[in-house]
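Tertiary structure, described
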Amino acid sequence: MAQTIQPPRSYDNTKTGIKYNRTGGSGSNFEMIGWLFMRLSGIVLLVLIFVHLYVNLMVGDGIQAVDFGFVAGKWADPFWQVWDLAMLWLAMLHGTNGVRTIINDYADKDGTRFWLKMILYAATVVILVLGTLVIFTFNPCPPGAAAELLPSFCSAS
Amino acid sequence: MSKTPAGTLYRGREGQWSWVGHRITGVVIFFFLLVHVLDTSLVRVSPEAYNAVIGAYKNPLMGLGEAGLVAAIIFHAFNGIRIILIDFWKKGPKFHRQMLWIVLALWAVTLTVFLIRHLPNVFGGH
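Residues numbered from 1 in each chain as written. Chains lettered and ligands numbered in written order. Predicted model: local features only at pLDDT ≥ 70, side-chain atom pairs only at ≥ 80, totals over all residues. Heavy atoms only, no water.

Comments concerning the overall build of chain A
Looking only at helices and strands, chain A has four helices and two strands in total. Listing the helices and strands of chain A from first to last along the sequence gives β-β-α-α-α-α. Within chain A, the proportion of its 157 residues that are buried is 36%. Of the contacts formed within chain A by residues at least 6 apart in sequence, a portion of 58% connects residues at least 24 apart. Split by element, the accessible area of chain A, about 9900 Å² in all, is 66% carbon and sulfur. (Helix = DSSP H or I, 4+ residues; strand = E, 2+ residues; numbered from the N terminus. Buried < 20%, exposed > 50% of the residue type's maximum accessible area, 1.4 Å probe, protein only. Contact = heavy atoms within 4.5 Å. Areas by Shrake-Rupley, 256 points an atom, 1.4 Å probe, with all protein chains shown as cover.)

As structure tokens, then:
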């Protein structure tokens with residue numbers, strides 16, 4: 001059975017005698033920058049997340065040791081604040097661009113595609129703002145909290 | 001004769017399956033990330049609120065979920081490196097299949113090392 005494969009939905013573009021079936025695009029480099037960002041952020045995220053998993057889940061008692069005192073102890077150090085901030089932003093932007101690509105691929109109707117992406121972007125903004133505020137407004141020794149729940153340096157004043 | 005087109009270099013082979021795996025693990029990681037930022041934000045509410053929610057991550061069922069999540073992250077990370085090599089390394093496209101088997105081998109080794117540490121923490125009777 002002969003199969004006819006339709007040409008891509010784009011206009012014919014000829015450059016130096018070679019015919020490319022590609023869209024003219026909007027003249028913006030956005031998709032190329034996005035493509036490059038996925039690769040660059042991916043490499044950085046590999047390092048950020050592998051260290052995050054090692055420090056939080058593999059050292060000592062792992063998940064059993066994670067509590068308020070553990071997080072407070074880490075974020076008392078600007079090193080881990082910056083680490084987690086970089087991880088938050090790069091991971092959210094990398095993930096949002098990935099899900100955006102998937103929505104573009106599978107949502108056929110213009111309206112569906114538009115609204116799914118609006119929901120995605122709204123979620124991204126909320127998570128980025130919330131996460132950033134939490135990292136920088138966090139108090140490791142909240143007044144009135146039970147001392148045994150806090151890191152040891154809270155009572156050392 | 002089969003009604004579906006015959007196999008191609010890509011369809012149904014290493015290239016397509018690694019693409020499927022990359023998408024699925026990516027979506028799983030993204031949704032966990034949303035939840036993870038929300039649960040971590042509870043440190044801003046109170047130590048009790050955070051400890052109550054993070055306590056849920058310590059039961060055995062969630063411990064297995066974490067193992068699955070880490071498995072997804074390791075695959076996505078190593079296969080991502082493979083994608084970069086296919087795009088930027090001259091011989092990347094030629095060796096993309098061999099690189100997938102390397103990715104899977106490194107994935108198995110890394111996941112095993114993680115589980116040797118993680119599973120006793122989850123099931124160790126703390």
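That covers the picture; the talk isn't over yet.
Some details on the interface of chain B and chain A
Contacts between the two partners involve 42 residues from chain B and, on the opposite side, 47 residues from chain A. Regarding the contact of chain B and chain A, the summed buried area is about 3700 Å², with carbon and sulfur atoms giving 73% of it. Contact with chain A buries area across many residues of chain B, yet B:Arg23, B:Phe30 and B:Lys58 alone supply 16% of it, more than any other trio. If you look at where chain B meets chain A, you find two salt bridges. Our count for the chain B to chain A interface comes out at 11 residue pairs in polar contact (both at pLDDT 80 or more). (Buried area = accessible area lost by both parts, 1.4 Å probe. Salt bridge = Lys/Arg side-chain N within 4 Å of Asp/Glu carboxyl O. Polar contact = N/O pair within 3.5 Å; in protein donor to acceptor, adjacent residues only side chain to side chain.)

Looking at the layout of surface pockets
Empty pockets left among the atoms are what a rolling probe the size of a water molecule brings to light. Residues and elements named next belong to chain A. Here the second largest pocket defines a volume of roughly 220 Å³. Residue lining of the second largest pocket: Phe-30, Ile-33, Gly-34, Phe-37, Leu-93, Thr-96, Asn-97, Arg-100, Tyr-121, Thr-124 and Val-125, and that is the complete set. Of all the secondary-structure elements, those providing two or more residues to the lining of the second largest pocket are helix H1 (30-58), helix H3 (78-106) and helix H4 (110-137). For the lining of the second largest pocket, the class distribution of residues is six nonpolar, four polar and one charged. (1 Å grid on protein atoms, 1.4 Å probe; cavity = no way out; pocket = protein on both sides within 12 Å on 5 of 7 lines; lining within 4 Å. Points joined across faces, edges and corners; volume = space filled by probe spheres on them. Nonpolar A, V, L, I, M, F, W, Y, C, P; charged D, E, K, R; others polar.)

Description of the environment of A:Leu57
On the secondary structure map, A:Leu57 appears in helix H1. A relative accessible area of 10% means that A:Leu57 is categorised as buried. Each C-alpha atom, one on A:Leu57 and one on A:Val82, is 20 Å from the other, the two residues being 25 residues apart in sequence. If we ignore the near neighbours within four places in the chain, the residues touching A:Leu57 are A:His52, A:Gly62, A:Ile63, B:Val70, B:Phe114 and B:Asn121.

Focus: the packing of H3(A) against helix H1 (residues 14-41) of chain B
Interhelical geometry of H3(A) versus H1(B) gives an angle of 130 degrees and a closest axis separation of 10 Å. Judged by the inter-axis angle, H3(A) sits oblique to H1(B). The handedness of the crossing between H3(A) and H1(B) comes out as left-handed. Together, A:Leu88, A:Ala91, A:Met92, A:Gly95, A:Thr96, A:Val99, A:Thr101, A:Ile102, A:Asp105 and A:Tyr106 of H3(A) and B:Trp19, B:Arg23, B:Val27, B:Phe30, B:Leu33, B:Leu34 and B:Val37 of H1(B) make up the contact between the two elements. Its residues placed into classes, the contact of H3(A) with H1(B) shows 12 nonpolar, three polar and two charged. (Axes fitted to C-alpha atoms, helices over the stretch in contact; angles between N-to-C directions. Parallel < 35°, antiparallel > 145°, perpendicular 65-115°, else oblique. Left-handed = near helix turned anticlockwise from the far one by under 90°.)

A few points about the state of the cysteines
Residue and element names in this part refer to chain A. This model, assessed by the stated rule, comprises one disulfide over all chains. One disulfide in the model links Cys-141 with Cys-154; its S-S distance is 2.0 Å. Across the S-S bond of Cys-141 and Cys-154 the torsion is about -85 degrees, and the bridge reads as left-handed. With Cys-141 in the segment after H4 and Cys-154 in the segment after H4, this residue pair connects regions lying 13 residues apart in the sequence. The class for Cys-141 is partly exposed, based on a relative accessible area of 28%. (Disulfide = S-S within 2.5 Å.)

Brief notes about the nonpolar core
Judged by nonpolar contacts, the single largest core of 53 residues is most densely connected at A:Phe68, A:Trp75, A:Met92, B:Val43, B:Tyr50 and B:Val70. Residue assignment for this core shows that the elements contributing at least two residues are H1, helix H2 (68-75), H3 and H4 of chain A together with H1, helix H2 (47-56), helix H3 (60-88) and helix H4 (96-123) of chain B. In terms of residue count, the dominant contributor to this core is H3(B) (nine residues). In contact with B:Val70, other than residues within four places in its own chain, are A:Leu53, A:Leu57, B:Leu111 and B:Phe114. (Core = buried A, V, L, I, M, F, W, Y, C linked by side-chain atoms within 4.5 Å.)

Some remarks on the side chain of B:Ser18
Residue and element names in this part refer to chain B. Looking at where Ser-18 falls in the secondary structure, it is placed in helix H1. By relative accessible area, Ser-18 is classed as buried at 5%. A polar atom in the side chain of Ser-18 sits 3.2 Å from the side chain of Arg-82.

Note that every value here comes from positions in space, so none of it alone points to a role or purpose.
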